[in-house]
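# Working through the structure, step by step
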Amino acid sequence: GGMLAAVLLLLLPLAAGPGRAGAGRAQRDALREELLLSPLPAGDVAATFQFRTRWDADLQRGAVSHYRLFPKALGRLVAALGVRELHLALTQGFWRTRAWGQPPLQAPAGAELWVWFQPTVTDVDKAWKELSNILSGIFCASLNFIDSTNTVTPTASFKPLGLANGTDHRLLRYAVLPREVVCTENLTPWKKLLPCGSKAGLAVLLKAERLFHSSYHSQAVHIRPVCRDASCLAVSWELRQTLTVVFDTFSSGQGKKDWSLFKMFSRTLTDACPLASQSKVYVDISPKNKEKELLEVTPPPASVHEAIVQGDKRTYAVYDLLSPSLFNTSRSLNVQLKWKRPQDSSELLTPILHAQRYVSGYGLQTGEISTLIYNTHPYRAFPVILLETVPWYLRLYVHTLTIITKGKENKPSYIHYQPAQDRRRPHLLEMLIQLPANSVTKITIQFERALLKWTEYTPDPNHGFYVSSSVLSALVPSVIAMKDVDVEQSPLFTSLFPSSDGSSYFVRLYTEPLLVNLPTPDFSMPYNVICLTCTVVAVCYGSFYNLLTRTFHVEEPSRGGLAKRLANIIRKFRGVPPL
Amino acid sequence: ITDVLTAVALYLAIQDFNKVVFKKQKLLIELDKYAPDVAELVQTPMEMHYIPLKVALFYLLNPYTVMSCVAKSTCAINNTVIAFFILATIKGSAFLSAVFLALATYQSLYPLTLFAPALLYLLQRQFIPIKLRSKSFWLYMMQYAALYLCSLVVIICLSFFLLNSWDFIPSVYGFILSVPDLTPNIGLFWYFFAEMFEHFSLFFVCVFQINVFFYTIPLAIKLKEHPVFFMFIQIAIISIFKSYPTVGDIALYMAFLPVWSHLYRFLRNIFILSCVLIVCSLLFPVLWHLWIYAGSANSNFYYAITLTFNIGQILLISDYFYAFLRREYYLTHGLHLTRQDGTEAMLVLK
């Protein structure tokens, strides 16, 4: 580790030298890494890693051949396939919004991929297919199962998060694979894309055996173009790699809610990534119910940062890994948090917007999907866009769609419905629903289950089929007015979503994925079925053939065959008259 | 409403048909075509008086008709169109029958096979003999075919103008022919294609579809003297082997059974077949519930009942066919058959 850092430090001015002395355009790139530790109301701890590489180069035009911090695999992908924005998330587990609060960046269970293409791309579907195949190779995930049966083109839910000239939604593709499992094989290539790998900086904490021992694990890659500076004359490309993990401190901490970096990750931080221009650890020490001194963080932080995040004023303890004073006392940094007084679990802060979804009904023929959306804001109403993607084998009856708020029917102001085609594309339902203050909205739709061909079932058909999470996008009004954030100065977790004005913040929530059983044929029977059905057809054919080709004749007395003659001989012996 | 219309159409059709049958019978008796001792086989006006009413009642009171009416299925409309087609054919109006046949074919592809019996009936009515060399035969056939095809083309073009694209053709007819949806029904196709190897699915789809259309020509050759019976057999074959059969189709051909109630003495297995059909109809919802809702049965149970029900239907049809052919033989050769040496003889099919 130390050797590598020394070598890198030596090479750095050498690499920067020719770069600056070369052509007048300096393609500078910068890496910022950050770790946000926030204790959640239910006693768990959420750790969000963000690695942001910003590259002042135009990947679309000009052959870029010298990749430094920006990974070459992704850079070439963006350039070759005409990608404007790429968001890929691999998640295991489900973020419990009601218990844990609003997530900084949530992803649905499984694999989620949504991409905005450049307007210059002529065949978007072909580019999408190539992209998913290449990504499946890079991340060792089965993204090659993304095809037209699980890809949709949303019209309102997914707006570009970076710079955008126009938003023709035909350039957008969205797909979710809810059955995808995330494991070490997906983490390793993700770590390899980091400039320092997992050898220096915050990434040393990312050890697989602890990361997958958690309630929620989500790793994501976001690529988008951003303004190079305030005047926005040039475009830079930003790559954010985020990893969110939620540890259950109760079960791993022997019943106490104290945690430390070592307890969570079985590692401590020793140094910053030498290639990073900024490397910080933020710990959320916001007091709840205005009672300070409830918790104690060791080692004491060098500075404290206050920010308004998601409508709440929060206080963060900041540890700057690049400052020389941090590692004066000890070689490693082990942030510890101790609770002075046990916290009441009754002071759960309900998030303003949260939702749940479930499937009801009995039997294998019909069912009903119900989504409940809660708006707990006391006096403000706001609209929410709901996007549902249902596979084609659950045939939705759109005439049974009902939206009920506070006992009355709630008509959405915008509905976009694209019916499914068997084996070609899924259902897409997008609605803009106004949520009144302090209300629960229930959306129900009935469906019918189809019988599939026996080769279309998964290897364990009685496990069921997954319906991917529905997406809720909303601008939630915030209690406290928020200032515009300058992306370069403020922490990374505040600049995930572009904010349009200070009175509301953008939230994207995902509901639970559903597991639905389909009627199954008997898989052991293909040959038997063919034989029996063909027998029935042959019975018909045989009887009709007989009746059509034969005519009635009077029966001729026959001399008798061999059996009859033998019988007659025996009868003669017995003395009985012959047949 | 459509059920009532169907019943009325069938009533009028059978009334007319009875008149035709009686006339023909009289003609044949006068021509001495019948053997002397078949007096009890000949149909009397007395027993034929109530047949139209029985046909209408058979259709209206059939539990299958009631079920398809309760389910609000479009099968009732299909049945109405076919019933009007039969009425028009028996009345002798070639134009109307072509129009109704085009409507029926437009809805589902299979009534195309009813072209042959209708043609045969109309030729018979016009007293045109059916010989392959006869010019008037070909002329009439061309006329009728032209009427039929023109009305079909008109209807399809109307749909095209309504929709402004030809997309409906693969959606409607392609769907009927290629059987993509495998929802369980009372036919044989769904489980077969659910368990089919991918490699052979096209081959078996073709075989199954040909199976429906295949019986037309041989039946036409055999039954050219009796086109209405041919029509009955054809409707029955369509309703058994079509790609998505429903109980409404079965109700339609069962409505015709009273017309041939005089065949009763020649039916061989009628008791067992009617028991099979009734028991299978009762078991269908039971096993469906067990498979889908209770989860204690397999799809195999429902499939087995499908098989049995279809075998019952097939044997019923072939039984009626056998009885019909046997009666014809008796009519021409006499009821009491004797062999050369004077003993009682038996009839076999050879």
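Computed from a predicted model, the values in this text were never measured in an experiment.

On a plain count of helices and strands, chain B comes out with 16 helices and one strand. Each of the 350 residues in chain B was classed as buried or not, and the buried ones make up 54%. Contacts in chain B between residues far apart in sequence, at least 24 positions, make up 74% of those at least 6 positions apart. Per element, the accessible surface of chain B, about 16700 Å² overall, is 72% carbon and sulfur.

For the rest of this paragraph, the subject is the overall build of chain A. Helix and strand counts for chain A stand at ten helices and 27 strands. Within the span of chain A, comprising 579 residues, buried residues form 52% of the whole. Taking the intrachain contacts of chain A between residues at least 6 apart in sequence as the baseline, contacts between residues at least 24 apart amount to 76%.

Residues and elements named next belong to chain A. Throughout the structure, instances matching the rule amount to two disulfides over all chains. Between the sulfur atoms of Cys196 and its disulfide partner Cys273 the distance amounts to 1.7 Å. In this structure, the disulfide formed by Cys196 and Cys273 twists by about 75° around the S-S bond and is classed as right-handed. Of this pair, Cys196 sits in the loop between α5 (184-192) and α6 (208-211) while Cys273 sits in the loop between α8 (261-265) and β10 (278-284), and the two are 77 residues apart along the sequence. For Cys196, a relative accessible area of 11% corresponds to the buried category.

According to UniProt, the positions carrying the feature "transmembrane region" (unreviewed entry) are residues 82-102, 108-124, 145-166, 172-193, 200-221, 266-288 and 300-322 of chain B. A distance of 10 Å separates the end C-alpha atoms of residues 82-102 of chain B, which is 90% helix and 0% strand.

With that settled, the discussion passes to the domain arrangement of chain A. According to the domain assignment, chain A consists of domain 1 (29-278), domain 2 (353-516) and domain 3 (522-548). For domain 2 of chain A versus domain 3 of chain A, the distance between C-alpha centres works out to 48 Å.

Residues and elements named next belong to chain A. Pairing is antiparallel in the open sheet, where five strands are placed in the order β20-β21-β17-β24-β25. Looking at which strands have only one partner, the edges of the open sheet turn out to be β20 (414-418) and β25 (504-510). Put simply, the sheet's adjacent strands are angled 15° from each other on average, direction ignored. Two strands pair when backbone bridges link them, and β20 and strand β21 (residues 427-435) are joined in this way by five bridges, in the antiparallel orientation. Among the inter-strand pairings, Tyr414 is bridged to a residue of β21, identified as Leu432.

Quick look at the sheet that holds strand β8 (residues 235-247) of chain A now. All names here are of chain A. Within the open sheet, the eleven strands sit side by side as β5-β6-β4-β3-β7-β8-β2-β1-β10-β13-β12. Their pairing is mixed. Strands with a single pairing partner mark the edges of an open sheet, and in this sheet they are β5 (151-152) and β12 (303-309). Two elements, β12 and strand β13 (residues 312-320), share seven bridges in a ladder whose sense is antiparallel. Residue His305 lies in a different strand from β13, and its bridge partner there is Tyr316. Contacts between helix α2 (residues 72-81) and the sheet are confined to β3 (83-93), β4 (110-117), β7 (216-227) and β8, with β3 contributing the most and set at about 130° to the helix. Packing against the sheet, helix α4 (residues 124-139) makes contact with β3, β4, β5, β6 (172-177) and β7, and its axis sits at approximately 135° to β4.

A word on the interface of chain A and chain B. Between chain A and chain B, the contact holds 42 residues from the first and 53 residues from the second. For the pairing of chain A and chain B, the buried interface totals around 4600 Å² over both sides, and the portion due to carbon and sulfur atoms is 70%. For chain A, the biggest contributors to the area lost against chain B are Phe544(A), Leu547(A) and Phe552(A); these three give 18% of the whole. Summed over the shared surface of chain A and chain B, the result is one salt bridge.

Attention now goes to the environment of Tyr320(B). Residues and elements named next belong to chain B. Here Tyr320 is to be found in helix α16 (residues 299-333). With twelve residues separating them along the chain, Tyr320 and Thr332 place their C-alpha atoms 19 Å apart. Those residues in contact with Tyr320, other than ones at most four positions away along the chain, are Phe229, Leu257, Trp260, Leu263, Leu267 and Ile270.

Here the focus is the confidence of the model for chain B. Residues and elements named next belong to chain B. Of all residues in chain B, 87% have pLDDT values of 70 or greater, and the mean over the chain is 81. Taken element by element, chain B is modelled with least confidence in strand β1 (residues 347-349), mean pLDDT 62, and with most confidence in helix α15 (residues 270-294), mean pLDDT 90. At the level of chain-chain contacts, confidence expressed as ipTM amounts to 0.87, with global pTM at 0.82.

Residue and element names in this part refer to chain A. Overall, the coordinates contain 53 aromatic pairs over all chains when judged by the stated rule. For the ring pair Trp55 and Tyr67, a centre distance of 5.3 Å and an interplane angle of 50° mean the geometry is tilted. Of this pair, Trp55 sits in strand β2 (residues 45-55) while Tyr67 sits in the loop between β2 and α2, and the two are twelve residues apart along the sequence. We classify Trp55 as buried; its relative accessible area is 1%. For Tyr67, a relative accessible area of 16% puts it in the buried group.

Within the largest apolar cluster, 167 residues are counted, with the highest numbers of intra-cluster contacts made by Leu353(A), Phe544(A), Tyr144(B), Leu219(B), Trp260(B) and Phe321(B). Sort the elements by how many residues they give to this core and α16(B) lands first, with 16 residues. Taken domain by domain, this core gets at least three of its residues from each of domain 2 (353-516) and domain 3 (522-548) of chain A. Apart from the residues lying within four places of it in its own chain, the contact partners of Tyr144(B) are Phe85(B), Ala94(B), Ser97(B), Ala98(B), Leu101(B), Phe115(B), Ala118(B), Leu119(B) and Leu122(B). Within the second largest apolar cluster, 91 residues are counted, among which are Ala141(A), Phe158(A), Ala175(A) and Leu333(A).

Reading fine detail from the predicted coordinates is not recommended where pLDDT is low. Mean pLDDT over chain A: 83, with 88% of residues reaching 70 or higher. Overall, residues 11-25 of chain A carries pLDDT values under 50, and its contacts beyond four positions in sequence, including any with other chains, amount to three contacts.

Unlike most non-glycine residues, Arg423(A) shows phi in positive territory, near 65°. Phi is positive for Val179(B), which is not a glycine, with a value near 50°. Here Val179(B) is to be found in the loop between α9 (168-178) and α10 (189-194). Among the residues examined, Val179(B) registers a relative accessible area of 3% and is labelled buried.

What follows covers the pattern of salt bridges. Residue and element names in this part refer to chain A. By the definition in use, this model includes 18 salt bridges over all chains. Arg423 serves as the salt-bridge partner of Glu456, at 2.5 Å between the closest nitrogen and oxygen. Separated by 33 residues along the polypeptide, Glu456 in the loop between β22 (439-449) and β23 (465-467) and Arg423 in the loop between β20 and β21 bring together distant segments of the chain. Relative accessible area serves as the criterion here: at 24%, Arg423 is assigned to the partly exposed category. Three or more residues joined by partner-sharing salt bridges are found here, namely Arg52, Arg224, Glu238 and Arg240.

Cut-offs used in this document
- Residues numbered from 1 in each chain as written.
- Chains lettered and ligands numbered in written order.
- Predicted model: local features only at pLDDT ≥ 70, side-chain atom pairs only at ≥ 80, totals over all residues.
- Heavy atoms only, no water.
- Helix = DSSP H or I, 4+ residues; strand = E, 2+ residues; numbered from the N terminus.
- Buried < 20%, exposed > 50% of the residue type's maximum accessible area, 1.4 Å probe, protein only.
- Contact = heavy atoms within 4.5 Å.
- Areas by Shrake-Rupley, 256 points an atom, 1.4 Å probe, with all protein chains shown as cover.
- Disulfide = S-S within 2.5 Å.
- UniProt positions renumbered as here; feature names shortened; annotations may be inferred.
- Domains from an automatic or database assignment.
- Pairing = 2+ DSSP bridges.
- Axes fitted to C-alpha atoms, helices over the stretch in contact; angles between N-to-C directions.
- Buried area = accessible area lost by both parts, 1.4 Å probe.
- Salt bridge = Lys/Arg side-chain N within 4 Å of Asp/Glu carboxyl O.
- pLDDT = per-residue confidence, 0-100.
- Phe/Tyr/Trp six-rings, centres within 6.5 Å; stacked < 30°, edge-to-face > 60°.
- Core = buried A, V, L, I, M, F, W, Y, C linked by side-chain atoms within 4.5 Å.

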